[in-house]
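In case you want the letters, here they are:
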Amino acid sequence: MTKSPRDRILDTYGLFARDYGGWVAVGGLIALLSEVDVDAQAVRSAASRMKRSGLLVPERVDGKAGYALSADGREILEAGDRRIFGTGVRPSDDRWLLVLFSIPEPERSKRYLIRSQLARLGFAPGPAASWIAPASLADEARTMLRRHGLDGYVSFFEGDFRPHGDEPHVATGAWDLGVINKLYGEYLATQQPISEGWMAQPGSDRDAFVAHMNNISAWRPLPYADPGLPPAVTPEGWLADEAREVFTKLHRQLRPGAHRFYLETLEAAARR
């Protein structure tokens, strides 16, 4: 489960702050993140780094220091929304995106940047120095590369994969399907009991806030590890649909109480 202060701050803005103007006082952010074991110094340091990287913009409201999302920060969260909260409907066809890139030697550092950004989206290394993913990722990949000024180095090819005879499907070698399915199983093992327990007896608003933050943190890596691989290439017992169903249900269960706690905590912090 990813629990870095940076991710916790982004989750706070993504799950809550965008619904209430997008600005959070530093004191309020510290109070909120103390509930998920991020101390004040870690919040201040991470927010400062996020300001320098262009994700957050410092603003004062009613004399209080705080941060709002930058335009880039909003764009990143919106892109994450589409992947994290998407329908999860896997494509019924078997169309694939093949990415090739050519970098001049004086700009060779961009090779690593392109590889790392494609890997972050869920692409996998393919044959002949290519990168592959389901064709449904084409728009997201183009947007990401354009944001980083890398689109001019990359060519996209879309088509079918047609194995010969007993040749394995390209996906079985590109992605470690066993590892991905294990991640889904681990998510279900931790989060499904919380959903079932919440249905039997809901907890406090504070409990909802902590569980809401932890649920998004536990789920976030999965839609990127599995970039929507189609049923034709995934093994029997693939847990993607079951895991997403639990995530969506738990998100709906926890959201109302978590938002009440968010607002109450900010109001209390503002009175100090």
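The rules we used
Residues take numbers from 1 onward in each chain, read along the sequence in its written order. With pLDDT at 70 or above as the cut-off, local features in this predicted model cover only qualifying residues; side-chain atom pairs require 80 or more to be listed or tallied, and sums for whole chains, interfaces and linings still use all residues. In computing side-chain values, all of the structure's heavy atoms are included and hydrogens and water are not. In this scheme, strands are said to pair when DSSP sees at least two bridges between them. Per the convention used, a helix needs a DSSP run of H or I reaching at least four residues, while a strand needs a run of E reaching at least two, with both numbered from the N terminus. The contact rule is simple, with two residues in contact once any of their heavy atoms fall within 4.5 Å. Each axis is a line fitted through C-alpha atoms, and for a helix only the stretch in contact is used; angles between axes span 0 to 180 degrees, taken between their N-to-C directions. Residues grouped as a nonpolar core are buried Ala, Val, Leu, Ile, Met, Phe, Trp, Tyr and Cys residues, joined through side-chain atoms within 4.5 Å. Only protein chains enter the accessibility calculation, which uses a 1.4 Å probe; a residue whose area is less than 20% of its type maximum is buried, one above 50% is exposed, and one in between is partly exposed. Throughout this description, any angle smaller than 35 degrees is read as roughly parallel, any larger than 145 degrees as roughly antiparallel, any in the 65 to 115 degree range as roughly perpendicular, and the remainder as oblique. With the far helix as reference, a near helix turned anticlockwise by less than a right angle produces a left-handed crossing, and one turned clockwise produces a right-handed crossing. Both cavities and pockets are sets of points on a 1 Å grid over the protein atoms alone; in a cavity a 1.4 Å probe fits but cannot get out, in a pocket the set is open with protein on both sides within 12 Å along at least five of seven lines, and lining residues sit with an atom within 4 Å of a point. Grid points are joined across faces, edges and corners, and a volume is the space filled by probe spheres set on the points. Classification used: nonpolar for Ala, Val, Leu, Ile, Met, Phe, Trp, Tyr, Cys and Pro, charged for Asp, Glu, Lys and Arg, polar for all others including Gly.

Chemist: I'm lost on the sheet that holds strand β5 (residues 124-125) in this one. Help?
Modeler: By way of backbone hydrogen bonds, the strands of a sheet pair with one another, either parallel or antiparallel. Strand order in the open sheet made by the four strands is β5-β6-β4-β7, with antiparallel pairing throughout. The open sheet terminates on both sides in strands that have one partner only, identified here as β5 and β7 (154-160). Where strand β4 (residues 95-101) lies against β7, seven bridges are found, and the strand directions are antiparallel. Bridge pairing links Leu97 to Glu158 in β7. Across the sheet, helix α5 (residues 109-121) touches β4, β6 (131-134) and β7, and the angle it forms with β4 is around 165°.

Chemist: Quick question: what am I supposed to make of the nonpolar core here?
Modeler: Across soluble globular proteins, nonpolar side chains show a tendency to be buried alongside one another. Residues Ile9, Tyr13 and Trp175 are the most contacted members of the largest nonpolar core, which totals 57 residues. Of all the elements, helix α11 (residues 240-270) adds the most residues to this core, at nine residues. When sequence neighbours within four positions are dropped, the list of residues in contact with Tyr13 reads Arg18, Gly22, Val24, Leu29, Leu56, Tyr67, Ala68, Leu69 and Leu77. Of all hydrophobic cores here, the second largest spans 17 residues; its members include Trp131, Ala133, Ala138 and Ala141.

Chemist: Looking at this structure, how should I read the packing of helix α9 (residues 205-219) against α11?
Modeler: How two helices pack is summed up by the angle between their axes together with the distance between the axes. Contact pair α9 / α11: the axes reach a minimum separation of 7 Å and the direction vectors enclose 135°. In this view, α9 runs oblique relative to α11, as classed from their interaxial angle. Considering the relative orientation of α9 and α11, their crossing is left-handed. Only Ala243, Arg244, Phe247, Leu250, His251, Leu254, Arg255, Gly257, Ala258, Arg260, Phe261 and Glu264 of α11 make contact with α9, whose side of the interface consists of Asp205, Arg206, Ala208, Phe209, Ala211, His212, Asn215, Ile216 and Trp219.

Chemist: In this structure, what is going on with the layout of surface pockets? I would like to understand it.
Modeler: It is a probe the size of a water molecule, rolled over the atoms, that shows where empty space is left. In this model, the second largest pocket occupies a volume close to 310 Å³. Secondary structure elements with two or more residues in the lining of the second largest pocket: β1 (23-25), α2 (26-34) and α11. No other element matches the six residues that α11 contributes to the lining of the second largest pocket. Considering only residue class, the lining of the second largest pocket consists of 10 nonpolar, two polar and three charged.

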